[in-house]
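Listed below, chain by chain, are the residues.
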Amino acid sequence: MKCDVLTLFPDILTACLNESILKRAREKNLLDVKLINIRDFASGPHRQVDDAPYGGGAGMVFKPEPLFRAMDSLKEDSEPRKVILLSPQGSPFNQSMAEAYAKEGRRFVFICGRYEGIDERVRTMIDEEVSIGDYVITGGELAALVIIDAVTRLVPGALGDEKSIEDESFSWGLLDYPHYTRPREFREMEVPQVLLSGDHKAIWRWRRKEALKRTIQKRPDLIGKVALSDLDKKLISEIKEEA
Ligand code: ADE
């Protein structure tokens, strides 16, 4: 994944980009993130990036000029880019979007909003408006990180162990199955016998059933979106009988 992040607070991103999977992905050139401080493109002695809203009202609005200038600076190279505005009004980000972004050939530009809003004319530069959920956070930086993280883990080689993506709950469209590690017994709680059996088919069936059970219990809305196999249907009727 290659992206430019337009932000007033690049340090928020730096901290996460220098840890764990994102750090390793950058070292392996699987992730290329350029942080662009919007304030560098603001003019005047105070480099002001916000102003009072026309029509009055509380709060400040992100001025258009610094954002347009920051975007113009990217045009110096001719790399095609997909421009994403992060805002609570955007399309809700989900795993299918992460998968599509991981396959996107273009470089991304993430515009991180702040203040009460941005000048409406900025929308003329954007291809997509994306939200990470139905709540308001202080700015788009954390949202950009969520998206960069979700997409990077889908880039081949980024996790080191490709099987872990295939086994991940959301790649099945289901919630995750339970995981256990040593010790075999802990405070009188035992690891399910099937996981110690070495029978890979039985283990796979148990995991699938547990993933279905959890999804039915916690996120029934997701079940309708999964293409259920005949085995899934059988597992679901077993779950219902056992309940
Ligand atoms: N900025 C503020 N809230 C946001 C959200 N929920 N998603 C993306 N960007 C945001």
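Our subject is the structure that appears above.
Just so we're clear, the structure is a prediction, and the values are computed from it rather than from any experiment. (Residues numbered from 1 in each chain as written. Predicted model: local features only at pLDDT ≥ 70, side-chain atom pairs only at ≥ 80, totals over all residues. Heavy atoms only, no water.)

Caption draft 1: Quick look at the overall build of the protein chain. Scanning the protein chain for helices and strands turns up ten helices and ten strands. Computed over its C-alpha atoms, the radius of gyration of the protein chain comes to 23 Å, more than 25% above the 18 Å expected for a compact globule of 243 residues. The dimensions of the protein chain, computed from C-alpha atoms along their principal axes, are 70 × 40 × 35 Å. By residue count, 40% of the 243 residues in the protein chain fall in the buried class. (Helix = DSSP H or I, 4+ residues; strand = E, 2+ residues; numbered from the N terminus. Rg over C-alpha atoms; globule rule 2.2 N^0.38 Å. Buried < 20%, exposed > 50% of the residue type's maximum accessible area, 1.4 Å probe, protein only.)

Caption draft 2: Looking closely at the packing of helix α4 (residues 95-103) against helix α5 (residues 140-152). Here α4 crosses α5 at 70°, and the two axes come no closer than 8 Å. With respect to α5, the element α4 is oriented roughly perpendicular. Residues Ala98, Tyr101 and Ala102 of α4 pack against Ile147, Ala150 and Val151 of α5. Split into classes, the residues belonging to the contact of α4 with α5 amount to six nonpolar, no polar and no charged. (Axes fitted to C-alpha atoms, helices over the stretch in contact; angles between N-to-C directions. Parallel < 35°, antiparallel > 145°, perpendicular 65-115°, else oblique. Contact = heavy atoms within 4.5 Å. Nonpolar A, V, L, I, M, F, W, Y, C, P; charged D, E, K, R; others polar.)

Caption draft 3: Local environment of the side chain of Asp232. Tracing the backbone through its elements, the reader meets Asp232 in helix α10 (residues 230-242). For Asp232, the residues in contact, after removing those within four places along its chain, are Arg208, Leu212 and Ala227.

Caption draft 4: Quick peek at the pairing of strand β6 (residues 107-112). Within β6, six of the six residues are buried, which leaves it mostly tucked inside the rest of the structure. On β6, burial covers both faces: Arg107, Val109 and Ile111 on one face and Phe108, Phe110 and Cys112 on the other are all buried. Here strand β1 (residues 2-7) runs beside β6; their pairing, made up of four bridges, is parallel. Bridging from a neighbouring strand, Asp4 pairs with Val109 of β6. With six bridges joining them, strand β5 (residues 81-92) and β6 adopt parallel strand pairing. Each bridged residue has a counterpart across the sheet, and for Leu86 the counterpart in β6 is Cys112. Following the chain from β5 across α4 to the adjacent parallel β6, one finds a crossover that is right-handed. (Pairing = 2+ DSSP bridges. Right-handed = clockwise from strand over helix to strand, strands pointing away.)

Caption draft 5: Structural detail: the site of the ligand. All residues adjacent to the ligand are Leu86, Ser87, Pro88, Val130, Ser131, Ile132, Gly133, Tyr135, Val136, Ile137, Gly139 and Ala143. Interatomic distance of 3.0 Å between a backbone N/O atom of Ile132 and a nitrogen atom of the ligand. Gly133 has a polar backbone atom sitting 3.1 Å from a nitrogen atom of the ligand. In isolation the ligand has 260 Å² of accessible area, and contact with the protein removes 95% of it. In terms of residue count, β5 provides more of the shell around the ligand than any other element does, three residues in total. Residues that form the shell around the ligand fall into these classes: eight nonpolar, four polar and no charged. (Near = heavy atom within 4 Å. Polar contact = N/O pair within 3.5 Å; in protein donor to acceptor, adjacent residues only side chain to side chain. Areas by Shrake-Rupley, 256 points an atom, 1.4 Å probe, with all protein chains shown as cover.)

Caption draft 6: Layout of the sheet that holds strand β4 (residues 61-62). The sheet built from three strands is open, its strands ordered β3-β4-β7 with mixed pairing. One side of each edge strand has no neighbouring strand; the edge strands of this open sheet are β3 (50-51) and β7 (117-118). The sheet contact formed by β3 and β4 spans two bridges and is antiparallel. When the sheet's bridge partners are listed, Asp51 is paired in β4 with Val61.

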